[in-house]
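Next come the chains, spelled out residue by residue.
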Amino acid sequence: MMIKHIEFPSKNEYPSYAEMYMKLVKKDGNLIQQLKSSLETTKAIIHNLSEEQLNYRYQKNKWSIKEVLVHIIDDERIYSYRALAFARNDQTCLPGFEQDDYNLFSDTSERTIENIMAEYEALRLSTITLFNGFSYNSLKRIGTANGNQTSVRALGYHILGHELHHVKVIKEFYLKS
């Protein structure tokens, strides 16, 4: 059964920390279209940046834009796996992850922006396919990750909101005119 309309989750389907991401998405149930749209928006923003801009840090201990992009990829991959596990009713309590450690060992400086964006696009298309294939019942299943209960559909909206959050940060702190 192909699902095109994925209802926005209720507040009891995701942890309170995710609210900062959830408030950035449209709650119209069009998750798949929003994921496609954010893919194109992010690609358009990054496409026009110089190598200097991609490696810029607005403060000493902040990530570069390339590192932010790899972080978006890491988060989406992890949250997509969580969605798959919960959709399949896996009751294993999944671990959290330390984003700063992931960044530290990502070797982002050794990667080209073309390589990063190819991974980002392939992953996003995979995420869209994954969520488009979930049944109505599987979208509502709940699992536990990092001690927090969340539904499959909430994970999809989290992926989108997380990216929107970081794109907003890129625009506000990295690309100020």
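Read on for a plain summary of the structure. Please read all numbers here as calculations on a predicted model, not as lab measurements.

A count of helices and strands for the protein gives 8 helices and 2 strands. When the helices and strands of the protein are listed from N to C terminus, the series reads α-α-α-α-α-α-α-β-β-α. By the compact-globule yardstick of 16 Å for 177 residues, the protein fits well, its C-alpha radius of gyration being 16 Å. Among the 177 residues that make up the protein, the fraction classed as buried is 49%. Entry remark: accessible area of the protein is about 9,500 Å², with carbon and sulfur atoms responsible for 51%. In the protein, which carries 22 positive and 22 negative side-chain charges, the distance between the mean positions of the two groups comes to 7 Å.

Ranked by size, the top nonpolar core spans 27 residues in total, and within it Ile6, Leu31, Phe86, Phe131, Phe134, Val152 and Tyr157 carry the most contacts. Elements that contribute at least two residues to this core include exactly α2 (31–47), α4 (65–87), α6 (113–133) and α8 (152–174). Not counting chain neighbours up to four residues away, the residues in contact with Leu31 comprise Ile6, Phe131, Gly156, Tyr157 and Leu160. Formed by 21 residues, the second largest nonpolar core is a distinct cluster that contains Ile46, Leu49, Val167 and Tyr174.

Below, the discussion takes up the layout of surface pockets. For the largest pocket, the calculated volume is near 490 Å³. Lining the largest pocket are 23 residues, and of these Tyr21, Trp63, His71, Gln99 and His166 lie nearest its centre. In terms of residues, the lining of the largest pocket owes the most to one element, α8, which gives 6 residues. Class assignment of the residues belonging to the lining of the largest pocket gives a composition of 10 nonpolar, 9 polar and 4 charged.

Here the focus is the packing of α2 against α8. When two helices pack together, their arrangement is captured by the angle between the axes and the distance separating the axes. Look at α2 against α8: their axes get within 10 Å of each other, and the N-to-C directions meet at 25 degrees. The orientation of α2 with respect to α8, classified from their angle, is roughly parallel. Like other packed secondary-structure pairs, α2 and α8 cross with a definite hand, here left-handed. Contacts between α2 and α8 involve Leu31, Gln34, Leu35, Ser38, Thr42 and Ile45 on the former and, on the latter, Gly156, Tyr157, Ile159, Leu160, Glu163, Leu164, Val167 and Lys171. Here the contact of α2 with α8 is composed, by residue class, of 8 nonpolar, 4 polar and 2 charged.

With that settled, the discussion passes to the packing of aromatic side chains. Summed over the entire model, instances satisfying the criterion amount to 6 aromatic pairs. Summarising the aromatic geometry, the rings of Tyr58 and Tyr174 are spaced 5.0 Å apart at their centres and angled 90 degrees between planes, so their arrangement reads as edge-to-face. Highlighted residues: Tyr58 in the loop between α3 (51–55) and α4 and Tyr174 in helix α8, separated in sequence by 116 residues. Following the ring pairs from residue to residue traces out a cluster consisting of Tyr56, Tyr58, Phe173 and Tyr174. Its guanidinium or amino end placed over the ring of Phe8, Lys27 lies 4.9 Å from that ring's centre, counting from NZ or CZ. Stacked on the ring of Tyr79, the Lys or Arg Arg82 has its end atom at 4.6 Å from the ring centre.

Cut-offs used in this document
- Residues numbered from 1 in each chain as written.
- Predicted model: local features only at pLDDT ≥ 70, side-chain atom pairs only at ≥ 80, totals over all residues.
- Heavy atoms only, no water.
- Helix = DSSP H or I, 4+ residues; strand = E, 2+ residues; numbered from the N terminus.
- Rg over C-alpha atoms; globule rule 2.2 N^0.38 Å.
- Buried < 20%, exposed > 50% of the residue type's maximum accessible area, 1.4 Å probe, protein only.
- Areas by Shrake-Rupley, 256 points an atom, 1.4 Å probe, with all protein chains shown as cover.
- Lys, Arg positive; Asp, Glu negative; His and termini not counted.
- Charge placed at Lys NZ, Arg CZ, Asp CG, Glu CD.
- Core = buried A, V, L, I, M, F, W, Y, C linked by side-chain atoms within 4.5 Å.
- Contact = heavy atoms within 4.5 Å.
- 1 Å grid on protein atoms, 1.4 Å probe; cavity = no way out; pocket = protein on both sides within 12 Å on 5 of 7 lines; lining within 4 Å.
- Points joined across faces, edges and corners; volume = space filled by probe spheres on them.
- Nonpolar A, V, L, I, M, F, W, Y, C, P; charged D, E, K, R; others polar.
- Axes fitted to C-alpha atoms, helices over the stretch in contact; angles between N-to-C directions.
- Parallel < 35°, antiparallel > 145°, perpendicular 65-115°, else oblique.
- Left-handed = near helix turned anticlockwise from the far one by under 90°.
- Phe/Tyr/Trp six-rings, centres within 6.5 Å; stacked < 30°, edge-to-face > 60°.
- Lys NZ or Arg CZ within 6 Å of the ring centre and 35° of its normal.

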